[in-house]
Amino acid sequence: MRLLFLAVVRRHTGNAVTAERVRDHLEAAGHVCILKDASDLESSSEIAKLIEAESLEAALALHLYRGGRLLQGHGIPFGIIFGGTDLNEDVNHGEKKKVMGKVLEEARFAVAFTESMKEMAQTQWVDPVFTREVGARVKRAAGVRLIREMPQGDLHAALKNCFAVVNSSVSEGMSAAILEAMDLEVPVLARNIPGNAAVVKHEVTGLLFSDPQEFVQLAKRLVSDPALEREIVANGREYVRARHSWQAERCTYQNLIRILEGSIQD
């Protein structure tokens, strides 16, 4: 494979040493690795011309901001390597941090040299790092598919064809997904946390689990006990329509706004 490798490679610096070492690893595997100094390539158009001229198929960048941002939007897959500047300096600048988050979302993988660097990155950019980790695990799990966001109507149609909805969140206020599942007459299995337990009554409107082992046990029970499934579905539907109706919610908010209107008039 023909690879573009972007890094800030001033001579006799740590970055230059790291970049050369990584390039050696890649070339030892039979790849063609074209190392370019990111400081010399300041525009996206320059990168596009380079990709076309060198028939490059993929890319790698050392530093999210200095190198990674230049690889966005060119239609070739790329990975990034965290640099110290990313996590110690650039992350403290709002616009740079936002750009680096976008780079992480597009990157196919991210490399952190130490566990502490990984933890710092996970703290700063929770969603992209977590999403990539989930995606990697899903690929290794037989029978599991990761589906991207979809319009609500399509989501509801898909839910109706599901055997159950699982909520494994470690923190919830009031889960819309659980309420939607109940309204659509789909059984719910939810982690036993306060937010979920406030909506799901165990073995009445759904099933609550505290750990993976209990989840497996309850899931198997639900599969093998049609009577339990029917009871949970019926109770869940009754609960959500009695306690969380759309019309009641609308009236409540309208009444609350009238209180604000009264305060203004007073």
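It should be emphasised that the depicted structure is a prediction, and the values quoted were computed from it without experimental measurement.

### Looking at the domain arrangement of the chain
(1) Moving on: The domains assigned to the chain are domain 1 (2-128) and domain 2 (152-251).
(2) Moving on: A separation of 43 Å is found between the C-alpha centroids of domain 1 and domain 2.

### Thoughts on the packing of helix 8 (residues 176-183) against helix 11 (residues 226-243)
(1) Moving on: Relative orientation of the contacting elements helix 8 and helix 11 amounts to 115°, with a least axis distance of 7 Å. Considering the relative orientation of helix 8 and helix 11, their crossing is left-handed. Residues Leu-179, Met-182 and Asp-183 of helix 8 pack against Gly-236, Arg-237, Tyr-239, Val-240 and Arg-241 of helix 11.
(2) Moving on: A breakdown of the residues in the contact of helix 8 with helix 11 according to their chemical character gives 4 nonpolar, 1 polar and 3 charged.

### Some thoughts on the environment of Ala-164
(1) Moving on: Checked against the element boundaries, Ala-164 lands in the loop between helix 7 (152-160) and strand 6 (165-167).
(2) Moving on: Considered as a pair, Ala-164 and Ile-51 are 113 residues apart in the sequence and their alpha carbons are 47 Å apart.
(3) Moving on: Beyond its immediate stretch of four places on either side in the chain, Ala-164 contacts Val-186, Pro-187, Leu-189 and Leu-222.

### Details of the sheet that holds strand 6
(1) Moving on: Taking strand neighbours across the sheet as the criterion, the 3 strands line up as 6-7-8 in an open arrangement whose pairing is parallel. Sheet topology places strand 6 and strand 8 (207-209) at the edges, where each strand pairs with a single neighbour. Each neighbouring strand pair of the sheet contributes to a mean axis angle of 20°, computed without reference to strand direction.

### Here we look at the environment of Ile-51
(1) Moving on: Residue placement: Ile-51 occurs in helix 2 (residues 44-54).
(2) Moving on: It is 49 Å that separates the C-alpha atoms of Ile-51 and Val-216, two residues lying 165 residues apart in sequence.
(3) Moving on: In contact with Ile-51, other than residues within four places in its own chain, are Leu-56, His-74 and Ile-76.

### As for the UniProt feature "domain: Glycosyl transferase family" (unreviewed entry) in the chain
(1) Moving on: Those residues carrying the UniProt feature "domain: Glycosyl transferase family" (unreviewed entry) are residues 143-238 in this numbering.
(2) Moving on: For residues 143-238, helix accounts for 49% and strand for 10%, while the C-alpha atoms at its two ends are 32 Å apart.

### Quick notes on the pairing of strand 3 (residues 58-62)
On any regular strand, side chains alternate: one points to one face of the sheet, the next to the other face.
(1) Moving on: For strand 3, the tally of buried residues reaches 5 of 5 residues, placing the bulk of the element in the interior.
(2) Moving on: Burial along strand 3 is two-sided: Ala-58, Leu-60 and Leu-62 and Ala-59 and Ala-61, pointing in opposite directions, are all buried.
(3) Moving on: Here strand 3 pairs with strand 4 (residues 78-81) via 4 bridges, running parallel. Each bridged residue has a counterpart across the sheet, and for Ala-59 the counterpart in strand 4 is Phe-78.

### Observations regarding the sheet that holds strand 3
(1) Moving on: The strand order across the open sheet formed by 5 strands is 2-1-3-4-5, and the pairing between neighbours is parallel. The two strands at the open ends of the sheet, each matched to only one other strand, are strand 2 (32-37) and strand 5 (110-111).
(2) Moving on: With 6 bridges connecting them, strand 1 (residues 2-7) and strand 2 associate as parallel partners. The residue bridging Leu-4 from the neighbouring strand is Ile-34, located in strand 2.
(3) Moving on: The strands that helix 1 (residues 14-28) touches are strand 1, strand 2, strand 3 and strand 4; relative to strand 2, the one it contacts most, it runs at about 165°.

### Some remarks on the packing of aromatic side chains
(1) Moving on: A full pass over the atoms with the stated rule returns 2 aromatic pairs.
(2) Moving on: Lying over the aromatic face of Tyr-65, Arg-69 brings its terminal NZ or CZ to 4.5 Å of the ring centre.

The rules we used
- Residues numbered from 1 in each chain as written.
- Predicted model: local features only at pLDDT ≥ 70, side-chain atom pairs only at ≥ 80, totals over all residues.
- Heavy atoms only, no water.
- Domains from an automatic or database assignment.
- Axes fitted to C-alpha atoms, helices over the stretch in contact; angles between N-to-C directions.
- Helix = DSSP H or I, 4+ residues; strand = E, 2+ residues; numbered from the N terminus.
- Left-handed = near helix turned anticlockwise from the far one by under 90°.
- Contact = heavy atoms within 4.5 Å.
- Nonpolar A, V, L, I, M, F, W, Y, C, P; charged D, E, K, R; others polar.
- Pairing = 2+ DSSP bridges.
- UniProt positions renumbered as here; feature names shortened; annotations may be inferred.
- Buried < 20%, exposed > 50% of the residue type's maximum accessible area, 1.4 Å probe, protein only.
- Phe/Tyr/Trp six-rings, centres within 6.5 Å; stacked < 30°, edge-to-face > 60°.
- Lys NZ or Arg CZ within 6 Å of the ring centre and 35° of its normal.

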